[in-house]
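Observations on chain architecture
What follows is the residue order along each chain.
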Amino acid sequence: MIDTARTRLTDLWGRWWLAPLAPTLYALAMIPAGQLRPEHILIAGLVLGLGLFNRTTQRITAALYPGVLVAIASDAMRFVVPIFVTPERVHACDLRALELKLFAVAPDVTPGDWLQQHTAPFWDVFFAVPYAAFLYVVPVYALYLFVRDRERMALYLWAFAIAHAIGFAMWLIVPAAPPWYVRMNGCLVDVKAAANAAGLLRVDDLFGMTYFRQFYARAANAFGAMPSMHVAFPLIGLFAAIGRATWRTWPLHLFYATAMFIGSVYLDHHWILDGIAGAFVALAAVWIAARVLGLPWPWPPRAERPGA
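Residues numbered from 1 in each chain as written. Predicted model: local features only at pLDDT ≥ 70, side-chain atom pairs only at ≥ 80, totals over all residues. Heavy atoms only, no water.

Some remarks on the packing of aromatic side chains
According to the stated counting rule, one finds 19 aromatic pairs in the structure shown. Ring geometry for Trp123 versus Phe127: centroids 5.7 Å apart, planes at 25°, classification stacked. Separated by 4 residues within a single helix, Trp123 and Phe127 lie in helix H8 (residues 121-148), roughly one turn from each other. Counting every residue linked through ring pairs, the aromatic cluster contains Phe134, Phe160, Tyr211, Phe212, Phe215, Tyr216 and Phe233. Sitting above the plane of the Phe146 ring, Arg150 keeps its charged end 3.7 Å from the centroid. For the cation-ring pair, Arg244 lies above Trp299, with the distance from its terminal atom to the ring centre recorded as 3.8 Å. (Phe/Tyr/Trp six-rings, centres within 6.5 Å; stacked < 30°, edge-to-face > 60°. Helix = DSSP H or I, 4+ residues; strand = E, 2+ residues; numbered from the N terminus. Lys NZ or Arg CZ within 6 Å of the ring centre and 35° of its normal.)

Written out as structure tokens, the structure reads:
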């Protein structure tokens with residue numbers, strides 16, 4: 001049976017035959033650590049099952065594999081964060097001071113401070129939508145590109161993975177407290193503090209649910225505000241679409257990116273500085289992915305493409 005499985009793996013994956021096994025190996029490693037969770041089993045089963053089912057599902061699994069790597073790395077951050085994130089290394093009130101210096105809307109009032117004084121249920125829900133949907137937008141958009149534009153899909157997903165690598169490194173090198181933490185705790189840094197849903201708690205309370213509470217309760221690090229990966233996600237799609245998006249799709253990219261940027265400040269999750277850093281991470285990730293994949297980015301105008 002083992003030989004048959006190995007043959008199946010090598011037939012479909014060639015020299016990358018270990019790739020569909022990675023989530024399974026990671027899940028197995030979580031057992032002795034006492035950290036195995038249902039999502040580990042789910043991801044391992046999906047990747048292994050789809051990766052071995054047939055040639056079509058193998059191609060889809062391979063195309064979406066950068067997302068698998070991000071999921072594993074995101075989960076593994078739990079074991080790395082305590083080593084790097086120490087109280088003396090976390091930026092908190094100094095970030096607020098810089099935000100005030102650059103973007104103050106009144107004496108000692110940041111844009112986030114002002115927005116916290118002008119919240120409304122409509123805007124709570126409006127900005128909660130991209131925050132709730134971003135994890136689902138990525139695979140859905142990737143599958144759409146799988147059908148419509150394979151090159152852009154590869155650029156989008158590998159840029160997504162590279163952006164996470166950059167973001168994770170920055171979270172460890174320059175740990176930063178989000179606005180909600182400074183608002184609740186001041187300048188005193190407690191590295192054991194749990195992540196908080198901040199403004200999204202109002203949405204939970206409005207609808208009598210615990211979705212955002214539970215989601216942020218699982219976060220491995222409360223001090224990963226800079227760069228804002230929430231801001232980076234839609235901008236990766238926007239930057240990867242330069243030269244390929246049409247007048248019909250550009251407004252969607254711009255609306256999604258703008259709503260996420262403003263929402264990150266309104267919901268008290270990020271400083272404006274975090275969003276700017278996220279934008280630079282997104283741009284760098286798309287540029288690096290294009291070079292690694294050997295793709296011409298920004299994409300040439302349609303009239304200049306062969307066969308266009």
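A short note on the packing of helix H3 (residues 38-53) against helix H5 (residues 65-84)
Their axes nearest at 12 Å, the elements H3 and H5 cross at an angle of 155°. The angle between H3 and H5 places the two elements in the roughly antiparallel class. Regarding H3 and H5, the two cross each other, and that crossing is left-handed. When H3 is examined against H5, the residues His40, Ile43 and Val47 are found in contact with a partner set consisting of Tyr65, Val68, Ala71, Asp75 and Arg78. (Axes fitted to C-alpha atoms, helices over the stretch in contact; angles between N-to-C directions. Parallel < 35°, antiparallel > 145°, perpendicular 65-115°, else oblique. Left-handed = near helix turned anticlockwise from the far one by under 90°. Contact = heavy atoms within 4.5 Å.)

Here we look at helix H14 (residues 250-266)
In a regular helix each residue adds 1.5 Å, so 17 residues correspond to 24 Å; H14 covers 24 Å between its end C-alpha atoms and thus fits that length. Taken together, the buried residues of H14 touch helix H7 (111-116), H8, helix H9 (150-173), helix H11 (200-207), helix H13 (229-240) and helix H15 (272-293). Downstream of H14 by one or two residues, Asp268 has phi in the positive range, about 70°. (Expected span 1.5 Å × (residues − 1).)

Thoughts on helix H6 (residues 93-103)
Of the residues making up H6, those classed as buried are Leu95, Arg96, Glu99 and Leu100. Taken end-on, H6 shows its buried residues confined to a sector of 140°, consistent with a single buried face. Looking at the packing, one finds that the buried side of H6 touches H7, helix H10 (179-185) and H15. (Buried < 20%, exposed > 50% of the residue type's maximum accessible area, 1.4 Å probe, protein only. Arc of directions from axis to C-beta.)

So, the side chain of Asn196
Position of Asn196 among the secondary structure elements: in the loop between H10 and H11. Engagement of the side chain of Asn196 in a polar contact is seen with the backbone nitrogen of Ala198, the distance being 2.6 Å. Other than its neighbours up to four places away in sequence, Asn196 contacts Trp180, Met184, Leu201, Tyr216 and His269. (Polar contact = N/O pair within 3.5 Å; in protein donor to acceptor, adjacent residues only side chain to side chain.)

Observations regarding the side chain of Glu99
As for its position among the elements, Glu99 is in helix H6. No salt bridge forms around the buried Glu99; measuring N to O, its nearest opposite-charge neighbour Arg96 is 8.5 Å away. Those residues within four positions of Glu99 in sequence are excluded, and the remaining contacts are Ala104, Thr110, Trp271, Ile272 and Leu273. (Lys, Arg positive; Asp, Glu negative; His and termini not counted. Salt bridge = Lys/Arg side-chain N within 4 Å of Asp/Glu carboxyl O.)

Things to note about the packing of H8 against H9
One can describe the packing of H8 onto H9 by two numbers: an axis separation of 7 Å at closest approach and a directional angle of 150°. Classified by the angle between their axes, H8 and H9 sit roughly antiparallel to one another. Where H8 approaches H9, its residues Val138, Tyr141, Ala142, Leu145, Phe146 and Arg148 are matched on the opposing element by Arg150, Arg152, Met153, Tyr156, Leu157 and Phe160. Looking at the contact of H8 with H9 residue by residue, the class counts come to 9 nonpolar, no polar and 3 charged. (Nonpolar A, V, L, I, M, F, W, Y, C, P; charged D, E, K, R; others polar.)

So, the nonpolar core
In this structure, Leu155, Leu200 and Phe223 are the most contacted members of the largest nonpolar core, which totals 74 residues. A total of 12 residues in this core trace back to one element, the largest contributor, which is H9. Discounting chain neighbours no more than four positions away, the residues touching Leu200 are Ala128, Tyr131, Phe212, Tyr216, Leu267 and His269. Within the second largest apolar cluster, 9 residues are counted, among which are Leu12, Met30, Val47 and Val68. (Core = buried A, V, L, I, M, F, W, Y, C linked by side-chain atoms within 4.5 Å.)

Overview of the state of the cysteines
Applying the stated rule across the entire model yields 1 disulfide. Shown here is the disulfide that connects Cys93 with Cys187, its sulfur atoms set 1.9 Å apart. Linking Cys93 and Cys187, the disulfide has an S-S dihedral of approximately -105° and is accordingly described as left-handed. Taken as a pair, Cys93 in helix H6 and Cys187 in the loop between H10 and H11 lie far apart in primary sequence, 94 residues in all. Residue Cys93 is classed as partly exposed on the basis of its relative accessible area of 24%. (Disulfide = S-S within 2.5 Å.)

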